Amino acid sequence: MKPVCTFLFLFIMLPLFAQHAEKKLASVKDFQELKFGMFVHWGPVSLKGTEIGWSRGREVSVEEYDKLYKEFNPINFSADKWIKTLKEAGMKYFVITTRHHDGFSLWPSEYSDYDIEATPHKRDILKALKDACDKYGIVFGTYYSICDWRHPNYPLGSPGGKTQKETGDMEKFIPYIKGQTKELIEKYHTNILWFDGEWEEPWTHEMGLDLYSYLKGFDKNVLINNRVDKGRKGMEGITISDDFAGDFATPEQRVGTYDIENPWESCITICQQWAWKPDDKMKSLEECLFTLLKTVGGGGNLLLNVGPTPDGQIESRQAKRLKEIGNWLEKYGESVYGTTGGPYKPNEWMASTRKGNNIYIHLLKYNKNEVALPFPFPAEIKSCKFLNGKKLRFTKTGGNLKIQLPAKKSNEPVRVIKITLNKDSQNLKSVEIS
């Protein structure tokens, strides 16, 4: 794009973007209330058990990878079972890879023959999942990769975008992106568009602004992550400047940095690989819970990823782990849903949240008989207790708080202390503790 054209483009597009940036949309606030969602990476590559997109041309030859769709027939797929599993895990929203970097579309798209309709399965998996989300009251979201290492018009190819295509032409490729994402909004009424693949050189800032404004034109409340544009700071995921488009930041495979002002979401795998892998090492219940609590305590949401099997099931061991998380949330969800992070910033042994007049302290495998915290807040403590449990003795001297815990050790992976104040906790300053 020539300098003059770029200036004119930005002159036209930036005011449109600013209309959305000036105030936090109600949909963004609602999103921040959800706290916990399910991410799913799935497609024909599950037949090989290798990583989606990235294994094309690496562990699996391009020729073999691109023919896997002809064998993809997940006969045991049940959208109802997936979303019921999500619901029982205490998750509130759902995001699935509708098209990853490998170019396969998980829905019957008017813009591609490399889609679910071309497989032996043929059924519209995306519609089934959308209907199940509506049935169970779950917010529906769709992942979509900007890069497509298979499509002839996208300039880069496998493995990992390291090869050049002679047929690459972004002017021809962008209508393909716009057409497919328009389908996701108009046909499936997606609430979230979760972009990826923006880091590659062919995608530009101007393209990101244009796509963001284009999609908001169909639904101003659709949530679009910061990977639609070029402003993401690596795996840290934060947006480096307000000049870039995106409604929320996306730290990857890590808990995001404490931030209760700007919306963010950590995406983290329940195992090691995003797509299904036989006998992949799975995270313990304790690790899953404290990842969730440190994320929520830091002001973000957690999007926890599972990779379904080739026949369309969530592995029984992963489903069991999710149910264990759900059992904990059923008991202690008051300290998670609808809360704000802090006022104590998360550390290795605790994470805190707040809501109304309450502060919630989450203890992970904390076996001391006393919790000592700074208390520089202009508020009085009315009560201190285990959430859903017994009252706890406490002393507040000057700017310090000490809470006495029972001598008997607990077998619970996380215990929750509820501190009730005489005033709203939302305006308390954030405190970092060791």
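Below you will find a few notes about this structure. (Residues numbered from 1 in each chain as written. Predicted model: local features only at pLDDT ≥ 70, side-chain atom pairs only at ≥ 80, totals over all residues. Heavy atoms only, no water.)

**Thoughts on the overall build of the chain**
Link 1 in the chain: Counting its regular elements, the chain contains nine helices and 17 strands.
Link 2 in the chain: Here the C-alpha atoms of the chain give a radius of gyration of 23 Å, agreeing with the 22 Å that 2.2 N^0.38 yields for 434 residues.
Link 3 in the chain: Viewed in the frame of its principal axes, the chain has a C-alpha envelope of about 70 × 50 × 35 Å.
Link 4 in the chain: Of all 434 residues assigned to the chain, the portion counted as buried reaches 58%.
Link 5 in the chain: Long-range pairs, those at least 24 residues apart, make up 70% of the contacts in the chain between residues at least 6 apart in sequence. (Helix = DSSP H or I, 4+ residues; strand = E, 2+ residues; numbered from the N terminus. Rg over C-alpha atoms; globule rule 2.2 N^0.38 Å. Buried < 20%, exposed > 50% of the residue type's maximum accessible area, 1.4 Å probe, protein only. Contact = heavy atoms within 4.5 Å.)

**What about the sheet that holds strand β14 (residues 381-386)?**
Link 1 in the chain: Within the open sheet, the five strands sit side by side as β10-β11-β12-β17-β14. Their pairing is antiparallel. Two strands close off the open sheet at either side, each with one partner strand: β10 (340-341) and β14.
Link 2 in the chain: Taken strand by strand, helix α8 (residues 285-297) contacts β10, β11 (350-355), β12 (358-364) and β17 (414-421), and its axis lies near 50° from that of β11. (Pairing = 2+ DSSP bridges. Axes fitted to C-alpha atoms, helices over the stretch in contact; angles between N-to-C directions.)

**Notes on the sheet that holds strand β7 (residues 223-224)**
Link 1 in the chain: Here we have seven strands laid out as an open sheet, ordered β7-β6-β3-β2-β1-β9-β8, and parallel in their pairing. Either end of the sheet is taken by a strand with one partner, and the two such strands are β7 and β8 (265-269).
Link 2 in the chain: Alignment of strand β2 (residues 93-99) against strand β3 (residues 139-145), held across six bridges, turns out to be parallel. Pairing of Thr97 across the sheet is with Tyr143, part of β3.
Link 3 in the chain: Against the sheet, helix α9 (residues 316-332) makes contact with β1 (36-40) and β9 (301-306), and its axis sits at roughly 155° relative to β9, the strand it touches most.

**Notes on the environment of Pro175**
Link 1 in the chain: Mapped onto the fold, Pro175 is located in helix α6 (residues 170-186).
Link 2 in the chain: Spatially, the C-alpha atom of Pro175 lies 9.5 Å from that of Tyr111, the residues being 64 residues apart in sequence.

**Here's the deal with the packing of α6 against helix α7 (residues 205-216)**
Link 1 in the chain: In the contact formed by α6 and α7, the axes pass within 11 Å of each other and the chain directions differ by 30°. On the basis of the axis angle, α6 is roughly parallel to α7. α7 is crossed by α6, and the crossing has right-handed handedness. Together, Met170, Ile174, Ile177, Lys178, Thr181, Lys182 and Ile185 of α6 and Met207, Asp210, Leu211, Tyr214 and Leu215 of α7 make up the contact between the two elements.
Link 2 in the chain: Grouping the constituent residues of the contact of α6 with α7 by class yields eight nonpolar, one polar and three charged. (Parallel < 35°, antiparallel > 145°, perpendicular 65-115°, else oblique. Left-handed = near helix turned anticlockwise from the far one by under 90°. Nonpolar A, V, L, I, M, F, W, Y, C, P; charged D, E, K, R; others polar.)

**What about the packing of helix α4 (residues 79-88) against helix α5 (residues 125-136)?**
Link 1 in the chain: The N-to-C vectors of α4 and α5 enclose an angle of 40°; their axes lie 9 Å apart at closest approach. In terms of orientation, α4 lies oblique with respect to α5. The two elements α4 and α5 cross, and the hand of that crossing is right-handed. Contact with α4, carried on its side by Ala79, Asp80, Trp82, Ile83, Lys84 and Lys87, involves Ala128, Leu129, Ala132, Cys133, Lys135 and Tyr136 of α5 and no other residues of that element.
Link 2 in the chain: Looking at the contact of α4 with α5 residue by residue, the classes come out as eight nonpolar, no polar and four charged.

**As for the pairing of β12**
Link 1 in the chain: Of all seven residues in β12, seven are buried, a share of seventy percent or more.
Link 2 in the chain: One ladder, built from six bridges, connects β11 with β12; its direction is antiparallel. When the bridges of β12 are listed, Ser352 appears paired with Ile361.
Link 3 in the chain: Between β11 and β12, which pair antiparallel in sequence order, lie two residues; one of them, Gly356, sits at a positive phi of approximately 60°.
Link 4 in the chain: As judged from the seven bridges shared by β12 and β17, these two strands associate in the antiparallel manner. Paired with Ile361 across the two strands is Ile417, which belongs to β17.

**With respect to the pattern of salt bridges**
Link 1 in the chain: Taken as a whole and judged by the stated rule, the model has 21 salt bridges.
Link 2 in the chain: The partner of Arg227 in a salt bridge is Asp196, and the shortest N-O contact between them spans 3.0 Å. Of this pair, Arg227 sits in the loop between β7 and β8 while Asp196 sits in strand β6 (residues 192-196); the two residues are 31 residues apart in sequence, bridging distant segments of the chain. Each member of the pair, Arg227 as well as Asp196, carries the same accessibility label: buried.
Link 3 in the chain: Lys294 serves as the salt-bridge partner of Glu348, at 4.0 Å between the closest nitrogen and oxygen. Of this pair, Glu348 sits in the loop between β10 and β11 while Lys294 sits in helix α8, and the two are 54 residues apart along the sequence.
Link 4 in the chain: Note on Glu348: relative accessible area 64%, which makes it exposed.
Link 5 in the chain: Sharing partners across several salt bridges, the network here consists of Arg56, Asp66 and Arg150. (Salt bridge = Lys/Arg side-chain N within 4 Å of Asp/Glu carboxyl O.)

**Quick word on the pairing of strand β13 (residues 370-374)**
Link 1 in the chain: Every second residue of β13 is oriented toward a common face, the buried set being Val371 and Leu373 and the non-buried set Glu370, Ala372 and Pro374.
Link 2 in the chain: Taken together, the five bridges between β13 and strand β16 (residues 400-404) define a ladder with antiparallel strand orientation. For Leu373, the partnering residue across the bridge sits in β16 and is Leu401.

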